[in-house]
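Below, each chain spelled out in residue letters.
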Amino acid sequence: MAVRPQRIHDGAVVERRLRPIYDWLDNGNNKKALQEAEKVLKKTPTLQAARALKALAMFRLGKAQEAYVVLDALSEEKPSDDTTLQAMTITYRESQQLNKVCALYEAAVKVEPTSEELYSHLFMSYVRVSDYRSQQRAAMALYKFAPKNPYYFWAVMSIVLQAKTAEDATKKGILLTLAQRMVDNFISENKMEAEQEASLYIMILELQEKWQDILKFIEGPIYTQLVPGSRAQASIPFLKKLGEWKRLNILCKELLWDNVDRWDYYLPYFDSVFELINNSDNEGDESTDNTAEKCHEFICQLVESMSSKRTLRGPYLARLELWKRLSVDGDPTSLLGSGVALCIQYLRVFANKPCAVPDLKPYLVMIPQKEREAHCRDFLTCLGFDENSEPDTQDDIQRHISCLQAWRLTSPEGTLEENLTIANTLRRHYLRCLNKGLVTATPTEFCSADQYAVLASHHYFYAAAQQQSVTPVVEALSLLELVLHHSPANFHAKLMLVSLYHILGNAVCASHAYVRLELKQVQLVSLGWLHAARLAPALAAARALRLLADTAAFHRHHGKDSVENLTYAYKYGTFEKLVELSAWSARLEACGWGASAARERALLPLLAGPPAPLHAPPPLPPHPTDNRDLAAIVSWEPPQCADADAKARSFDEDVAHLRLKDGLVSCIALCIECSEGMGEARAARREELGAGVAALEGALRRCAERYTAPPPLKATAPLPSRIYGLVQSEIPYATLYGHSLRLVWAAAGGADGVRTHAAALRDALLATRAPLTACVGRAKDAWTLRDAFEMFANYLEFIGIITFLLGVCNELITPANTKKSKKKTNQSPDQIETTELLNKLNDEVQETITFVEEIFEDWPVYEYKSTLQEELEKLGLTDYQCTVGERLKSGVQEILEDVKNILKKKAKYLKSLQ
């Protein structure tokens, strides 16, 4: 949004002249905005605001250099009117030249040293570049001639941020002491006015670990005045820090009497109880709950205090929490009874709520497996239901589903026949509800009956994994598509669809399901593992590039948006958000998926697009962060099937694959620099390239020794990392990439070595045909399609890279005058020999491409069958046609056609090099 001018001097005239420029800029028509600016400048050539808006329009039209010339000239004039400054600020922000905004306002405040508005903008310009020392100076200067609390606390917060980023402990202590004294002065003079000022003071004391001082401040009159009604809640974390367990216990009990359902009060209450139990000095104290018996009695009193009309979950969960904590070091059954009985009791009371079973999940894990499995059917029958019950009301359907879910979570691992039987039974329940009009979903909400189908889809997958067959998965997909037809808002079904389509290796169908999720903003990062990361290994390179572009755009715009969020935090005084925003921004900057997406986006165009210069992405973060949300798809596997280390292990595999890709991208970038440089610059890059290739080969070997067997497939977790397909493949990628990159290294140093690497590469390429043929033989079964596509995706990535590197070699060995005249008379004997060797290698790559094309021409045709349509017809539900089988077939065919088109383009480019 463009900045509207304020009335200045001849305000009405200026505003009338500038208004059309703003309107065009706001509408995105920058060309018209530029034309309007030119018209205004013909009448008033010196009007600074019009020139600033002209520069903004030119920058948005891609005329950055011309815009900078106008801005530099304006900067020399040291403008001080807000209209001009804001327009220039927008241009500098969009061009990521935030330091120039600081210089702009530094000059402006010298012209008008008592302008509150200009000093505020100067402060915010320092915020955008994280110059905390300058922020402090600007805020104090502002406070001197405009003594307002917010400006004073801007300075205090700037000092706190200096302390948080200081590496020297002494300096950090001095800065925090200074910040505390500044606030103490305000407290002594009774000048504090806002809750956020009190929060900032607590933050300062917290950073110094002055827990007693914090507690004293919270219990004082100023805090009570600024933040009425929150004293008790605010003191809880600091009572824990001080080990004041008795006070904490009494306080939490008082709070719980008034807030029976507040889980954030139960947890510190339990902490205090168990600390008091372990502290023998509190024996005989009647005022505190220092024994498990007293704790249980208190919880029972809370349960009894609730009215029969409104039953709250908090006290019931509290009994489960007490049982869980007691079971860590002893046997809680003497006091509370069995854990199974408590869980069943909870289910009886709250089974009509969708959250009932998720509430129970953490406690079911604590029950011994044998006991849990022995009583699994008690969960199913506790409300009079069994697997064949047919409830007819929405409440009863939800209760039945809760009992079924709890039953499946506590049952032993099912056999193939059991899983298929349960899945078919659940599907029958959903179809019955559909037939009787009990599926009552709306466009924005889904209904209880949907969970029959979602749970059935999980059991179909369990059966498919045991049977190694796609048939149960197709049944699950057909059922989930039916669910979405009637409940378009059911994200559980959408997530499961994406996962199952990728398990079948069908990126096209997965993309259609993914679009229905309508993911926004940070979900591109947290759910990147679900879809975006699986497109390239599913041979959907073009689709992958589009989605990776969205991810890159998010990262790019997040950097700009997060800066503005910091300025808003200062404007509204939410100082604690400044720390959160900084930590959040740092986490996204170090995001492992963001770094991986950048490398994929650098390599995929070498295959899916025309050969273009590759620019190395930003350096890898030293410690990539795992921002994946792996709990998005709810799992219904029994606790014994859970793997606590799975997330960390899969992230370790992904980071290892990321480092391999980073090494490959860096080597290719060095190849390009070798072709562009001359003399010493080329020699230096050539030396770096040799070291990089050796490091890449060594890393591939080490990964092959470390990552030997992929984990089993799970529909609720990421598919096995791509590193297994790369380092455990029958195709020797270390050899292929090593010789390909060293071929460029040799060509950059002259003719020596080209013969060796070209011959070795031809032999290696020829040897890859047998593994590819064997892969196609295995791919005749649709269950292995995903593995086959991933193998070919890795191989085609190499084809794209070797094709590109042959173009780089062509640049290296062909003299400039030969490139222009297309004559070879100026080539030396060594160059002629090198050209012939490269042409032979070129021919071999073309033959390999032809071989792969023939494979895809004769790719097996799969049949995907489902019995859902027959079931629908039996029930007379003919308004829906199940087309999953046809979608799967057309999806595979679309991928094959895309790959063949890509290969044709690669072959055409290779011919152009000869």
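## Observations regarding the overall build of the protein chain
Now for step 1: A tally of regular secondary structure across the protein chain gives 46 helices and 0 strands.
Now for step 2: Taken along the three principal axes of its C-alpha coordinates, the protein chain extends 105 × 80 × 55 Å.
Now for step 3: Every one of the 914 residues in the protein chain was classed for burial, and the buried ones make up 54%.
Now for step 4: In the protein chain, of all internal contacts separated by at least 6 residues, the share reaching a separation of at least 24 is 70%.
Now for step 5: In the form shown here, the protein chain has an accessible surface area of approximately 40,900 Å², with 51% of it arising from carbon and sulfur atoms.
Now for step 6: Distance between charge centres in the protein chain, computed from 105 positive and 115 negative side chains, equals 6 Å.

## So, the pattern of salt bridges
Now for step 1: Summed over the entire model, instances satisfying the criterion amount to 47 salt bridges.
Now for step 2: Among the ionic pairs, Lys714 bridges to Glu637, the shortest N-O distance being 3.3 Å. Here the residue Lys714 occupies a position in the loop between α37 (679–706) and α38 (722–727), and Glu637 occupies one in the loop between α35 (605–608) and α36 (646–676), the gap between them amounting to 77 residues.
Now for step 3: On the accessibility criterion, Lys714 (24% relative accessible area) is partly exposed.
Now for step 4: Given a relative accessible area of 22%, Glu637 falls into the partly exposed group.
Now for step 5: A cluster of three or more residues bridged by salt bridges with shared partners is formed by Lys240, Asp271, Glu321 and Arg325.

## Re the environment of Pro354
Now for step 1: By the secondary structure assignment, Pro354 is in the loop between α20 (339–350) and α21 (356–364).
Now for step 2: The spatial distance from the C-alpha of Pro354 to the C-alpha of Ser448 is 7.9 Å, given a sequence separation of 94 residues.

## Quick notes on helix α10 (residues 169–188)
Spacing of three or four residues puts side chains on the same side of an α-helix, whose turn is 3.6 residues.
Now for step 1: In this model, α10 (20 residues) spans 28 Å end to end at C-alpha, consistent with the 28 Å of a helix rising 1.5 Å per residue.
Now for step 2: Three or more residues of α10 are buried, namely Leu175, Leu176, Ala179, Gln180, Met182, Val183, Phe186 and Ile187. One side of α10 holds all its buried residues, which, seen down the axis, span an arc of 155°. Relative to its buried face, α10 has exposed residues pointing more than 90 degrees away, namely Thr170, Ile174, Arg181 and Ser188.
Now for step 3: Those residues of α10 that are buried lie in contact with α8 (132–145), α9 (149–165), α11 (195–207), α12 (211–218) and α13 (221–226).
Now for step 4: Within two residues after α10, Asn190 carries a phi angle of roughly 55°, on the positive side.

## Looking at the environment of Ile344
Now for step 1: Mapped onto the fold, Ile344 is located in helix α20.
Now for step 2: Looking at Ile344, the relative accessible area reads 7%, which means it is buried.
Now for step 3: Through-space distance from the C-alpha of Ile344 to that of Leu360 is 9.4 Å; in sequence the pair is 16 residues apart.
Now for step 4: Sequence-distant contacts of Ile344, defined by excluding residues within four places in its chain, comprise Asp378, Phe379 and Cys382.

## Overview of the packing of α9 against helix α33 (residues 575–589)
Now for step 1: Where α9 contacts α33, the axes come no closer than 11 Å and their chain directions differ by 35°. As α9 runs across α33, the sense of the crossing is right-handed. Between α9 and α33, the residues in contact are Phe153, Trp154, Met157 and Lys164 and Phe575, Leu578 and Val579, respectively.
Now for step 2: Considering only residue class, the contact of α9 with α33 consists of 6 nonpolar, no polar and 1 charged.

## Some remarks on the confidence of the model for the protein chain
Now for step 1: The predicted model of the protein chain has a mean per-residue pLDDT of 90, with 95% of residues at 70 or higher.
Now for step 2: Ranking the elements of the protein chain by mean pLDDT puts helix α43 (residues 816–821) last with 48 and helix α28 (residues 491–503) first with 97.
Now for step 3: Within the model, the stretch residues 819–824 combines pLDDT values under 50 with 5 contacts to residues more than four positions away or in other chains.

## Comments concerning the packing of α36 against α37
Now for step 1: Orientation of α36 relative to α37, taken along the N-to-C sense of each, is 160°, at an axis distance of 9 Å. Judged by the angle between their axes, α36 and α37 are roughly antiparallel. Here α36 runs over α37; the crossing is left-handed. For the pair formed by α36 and α37, the contact residues are Asp652, Ala656, Leu660, Gly663, Leu664, Cys667, Leu670, Cys671, Glu673, Cys674 and Ser675 on the first element and Arg682, Arg685, Arg686, Glu688, Leu689, Gly692, Val693, Leu696, Ala699, Leu700, Cys703 and Arg706 on the second.
Now for step 2: Across the contact of α36 with α37, the residue classes break down as 13 nonpolar, 3 polar and 7 charged.

## Examining the packing of aromatic side chains
Now for step 1: What the rule picks out here adds up to 32 aromatic pairs.
Now for step 2: An aromatic cluster is built from Phe123, Tyr151, Trp154, Tyr570 and Phe575, whose rings are joined through pairwise contacts.
Now for step 3: Its end group placed over the ring of Trp636, Lys361 keeps NZ or CZ at 4.7 Å from the ring centre.
Now for step 4: For Arg408, the ring lying beneath its charged end belongs to Trp407, and the centroid distance is 4.6 Å.

## What about the side chain of Thr567?
Now for step 1: Here Thr567 shows up in helix α32 (residues 541–571).
Now for step 2: Engagement of the side chain of Thr567 in a polar contact is seen with the backbone oxygen of Glu564, the distance being 2.5 Å.
Now for step 3: Discounting residues that sit within four places of it in the chain, Thr567 has contacts with Met124, Val127 and Arg128.

## Some words on unusual backbone geometry
Now for step 1: Its identity is not glycine, yet Asn190 carries a phi of approximately 55°, on the positive side.
Now for step 2: Summarising the element assignment, Asn190 is placed in the loop between α10 and α11.
Now for step 3: Asn190 sits in the exposed class, given a relative accessible area of 58%.
Now for step 4: For Gln521, which is not glycine, the phi torsion reads 50° and is therefore positive.
Now for step 5: Inspection of the secondary structure puts Gln521 in the loop between α29 (507–517) and α30 (523–526).
Now for step 6: When its relative accessible area of 54% is taken as the criterion, Gln521 is described as exposed.

## A closer look at the environment of Leu772
Now for step 1: If you trace the backbone, Leu772 turns up in helix α41 (residues 769–778).
Now for step 2: With relative accessibility at 0%, the residue Leu772 sits in the buried group.
Now for step 3: Each C-alpha atom, one on Leu772 and one on Val852, is 8.3 Å from the other, the two residues being 80 residues apart in sequence.
Now for step 4: Look past the residues within four positions of Leu772 in its chain and what remains in contact with it is Ile731, Met791, Phe792, Tyr795, Phe851, Val852 and Ile855.

## Things to note about α41
Now for step 1: Of all the positions in α41, only Arg769, Pro771, Leu772, Cys775 and Val776 are classed as buried. Seen from one end, α41 has its buried residues packed into an arc of 165°, which puts them on one side.
Now for step 2: Those residues of α41 hidden inside the fold are in contact with α40 (754–767), α42 (785–813) and α44 (829–857).

Thresholds, definitions, all that
Residues numbered from 1 in each chain as written. Predicted model: local features only at pLDDT ≥ 70, side-chain atom pairs only at ≥ 80, totals over all residues. Heavy atoms only, no water. Helix = DSSP H or I, 4+ residues; strand = E, 2+ residues; numbered from the N terminus. Buried < 20%, exposed > 50% of the residue type's maximum accessible area, 1.4 Å probe, protein only. Contact = heavy atoms within 4.5 Å. Areas by Shrake-Rupley, 256 points an atom, 1.4 Å probe, with all protein chains shown as cover. Lys, Arg positive; Asp, Glu negative; His and termini not counted. Charge placed at Lys NZ, Arg CZ, Asp CG, Glu CD. Salt bridge = Lys/Arg side-chain N within 4 Å of Asp/Glu carboxyl O. Expected span 1.5 Å × (residues − 1). Arc of directions from axis to C-beta. Axes fitted to C-alpha atoms, helices over the stretch in contact; angles between N-to-C directions. Left-handed = near helix turned anticlockwise from the far one by under 90°. Nonpolar A, V, L, I, M, F, W, Y, C, P; charged D, E, K, R; others polar. pLDDT = per-residue confidence, 0-100. Parallel < 35°, antiparallel > 145°, perpendicular 65-115°, else oblique. Phe/Tyr/Trp six-rings, centres within 6.5 Å; stacked < 30°, edge-to-face > 60°. Lys NZ or Arg CZ within 6 Å of the ring centre and 35° of its normal. Polar contact = N/O pair within 3.5 Å; in protein donor to acceptor, adjacent residues only side chain to side chain.

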